[in-house]
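Remarks on the overall topology
Here is how the chains run, residue by residue.
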Amino acid sequence: MASSRADLPPLTSGTLLNKNSGRVKEARRLARRSFRAEQRQFLADGPKAVEGALGVPGCVVEVFATAAASEQYAALRAAAPAWTVVDDRALASLSDSVHPQGVVARCRFIDRPLDHVVEHSLSLVALCADVRDPGNAGTVIRTADAAGAGAVVLAGHSVDAYNAKTVRATVGSVFHLPLALEPDPATAVARLRAAGLTVLAADGGGELDLDDAADDGLLAGPTAWLFGNEAWGLPAELAALADHRVRIPIHGAAESLNLSTAAAVCHYASARAQRRTGAAGA
């Protein structure tokens, strides 16, 4: 975003809100999942997240920022529908970061119904079933975005997509691609298959090697990667619903890969295959 300081009104120290002001206290309640669900709003912490949120029409309700951040991020200030200057303690109360970056946005939920997501032509989708760690979930969203995926689906008892740690781990990517929340992972698998995607379950005990899948051309078509829980992986009955179970080859002594690392490997294997055949974005 280009800076437009000349178009902005000057800041005055007398307008700073403190942590006990009504608007700050109300926004702080969004740290609780129940209140987020009730209001269908959440907090996006940091300039990258705020910039991403401002890129989604109607997403941002209000931005809270320190006076210093208001000067530093003048382009964000110019784009925001409402910009409230707060003192450092008020901003810190809205951020769960150890080192707050001075700007937090109050945002409306951005998830879409699964049926709406799959109505669009998709070449690559990340489907997470019962992924509980917010850092892993956020990183899966980030790597899916980086690899050019068309959507991410959080299914089952996955972590709240609007958890502050999840949003921060996406580094703004949660605002870049469609997100669907589906209570039943089996329904998500069935719906994606019905939309013409090949569902590949990432499974350490899979019958198909990732390298062989790439060599055989399996990854070149529209694909949905199915990832399971960090501790126990995919239930056998869910993995059985996929078209194939695919294992990432381990060439060294490591027992396995972290979920988000495995997701990155799978996403980029598909992205590479699809770009070689011109299927990406089809």
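A short tour of the structure in this document, coming up. Once a new chain begins, its residue numbering starts again from 1 and follows that chain's sequence as written. Per-residue local features of the predicted model are confined to residues with pLDDT of at least 70, and side-chain atom pairs are confined, for both listing and counting, to 80 or more; whole-chain, interface and lining totals are unaffected and use all residues. Side-chain calculation: all heavy atoms of the structure are included, whereas hydrogens and water are not.

**As for the overall build of the chain**
- What counts as a helix is a DSSP run of H or I of at least four residues, what counts as a strand is a run of E of at least two, and both are numbered from the N terminus. Tallying secondary structure elements over the chain gives 13 helices and 11 strands in all.
- We compute the radius of gyration from the C-alpha atoms alone; for a globule the expected value is 2.2 Å times N to the 0.38, where N is the number of residues. For 282 residues, the compact-globule estimate of 2.2 N^0.38 gives 19 Å, and the chain sits close to it at 21 Å.
- C-alpha extents for the chain along the principal axes are approximately 65 × 40 × 35 Å.
- In the chain, which comprises 282 residues, the share counted as buried stands at 49%.
- For the chain, restricting intrachain contacts to residue pairs at least 6 apart in sequence, the fraction spanning at least 24 positions comes to 80%.
- Total accessible area on the chain is roughly 13,000 Å²; 50% of this is exposed by carbon and sulfur atoms.
- The sign given to each residue is positive for Lys and Arg and negative for Asp and Glu; His and the chain ends receive no count. To locate a charge, the coordinates of NZ of Lys, CZ of Arg, CG of Asp or CD of Glu are taken. Taking the 27 positively charged and 30 negatively charged side chains of the chain as two groups, their mean positions are separated by 9 Å. Buried residues are those whose accessible area, probed at 1.4 Å on protein chains only, stays under 20% of the maximum for their type, while exposed residues exceed 50% and partly exposed ones sit between those limits. Throughout, a residue-residue contact means that at least one pair of heavy atoms, one from each residue, lies within 4.5 Å. Reported accessibility uses the Shrake-Rupley method at a 1.4 Å probe radius. Residues are deemed covered only where the shown protein chains occlude them.

**A look at the sheet that holds strand E4 (residues 103-108)**
- The strand order across the open sheet built from 4 strands is E1-E4-E2-E3, with neighbouring strands paired in mixed fashion. Each having just a single partner strand, strand E1 (41-45) and strand E3 (83-85) make up the two edges of the open sheet. When the angles between neighbouring strand axes are averaged without regard to direction, this sheet yields 20°.
- For two strands to be treated as a pair, DSSP must find at least two bridges joining them. Alignment of E1 against E4, held across 5 bridges, turns out to be antiparallel. Looking at E4, one finds that Leu43 is bridged to Arg106. Every angle, taken between N-to-C directions, lies between 0 and 180 degrees, and every axis is a line fitted to C-alpha atoms, over only the stretch in contact when it is a helix.

**Quick word on helix H10 (residues 185-194)**
- Here H10 has its buried residues at Pro185, Ala188, Val189 and Leu192. Buried residues of H10, viewed axially, fall in a sector of 100°; they line one side.
- Following H10 by one or two positions, Gly196 adopts a phi angle in the positive range, close to 100°. Arc, as used here, means the arc of the directions from the helix axis to the C-beta atoms.

**What about unusual backbone geometry?**
- Of note in the backbone geometry, Arg40 takes a positive phi value of approximately 55° without being a glycine.
- Its place among the elements puts Arg40 in the loop between helix H2 (33-39) and E1.
- Arg40 gets classed as partly exposed once you look at its relative accessible area, which sits at 43%.
- If you check the backbone angles, Val171 has positive phi at about 50° while not being a glycine.
- Residue position: Val171 is located in the loop between helix H9 (164-170) and strand E7 (179-182).
- Assessed through its relative accessible area of 35%, Val171 is described here as partly exposed.

**Things to note about the sheet that holds strand E9 (residues 208-209)**
- Across the sheet, which stays open at both edges, the 7 strands sit in the order E7-E6-E5-E10-E8-E11-E9 with parallel pairing between neighbours. Each edge of the open sheet is held by one strand with a lone partner, namely E7 and E9.
- Here 3 bridges tie strand E8 (residues 198-202) to strand E11 (residues 244-247), and the two strands are oriented parallel to one another. Bridging across to E11, Leu200 finds its partner in His244.
- Along the sheet, H10 makes contact with strand E5 (124-129), strand E6 (151-155), E7, E8 and strand E10 (223-227), crossing E5 at roughly 165°.

Taken by themselves, the reported measurements are silent on function.
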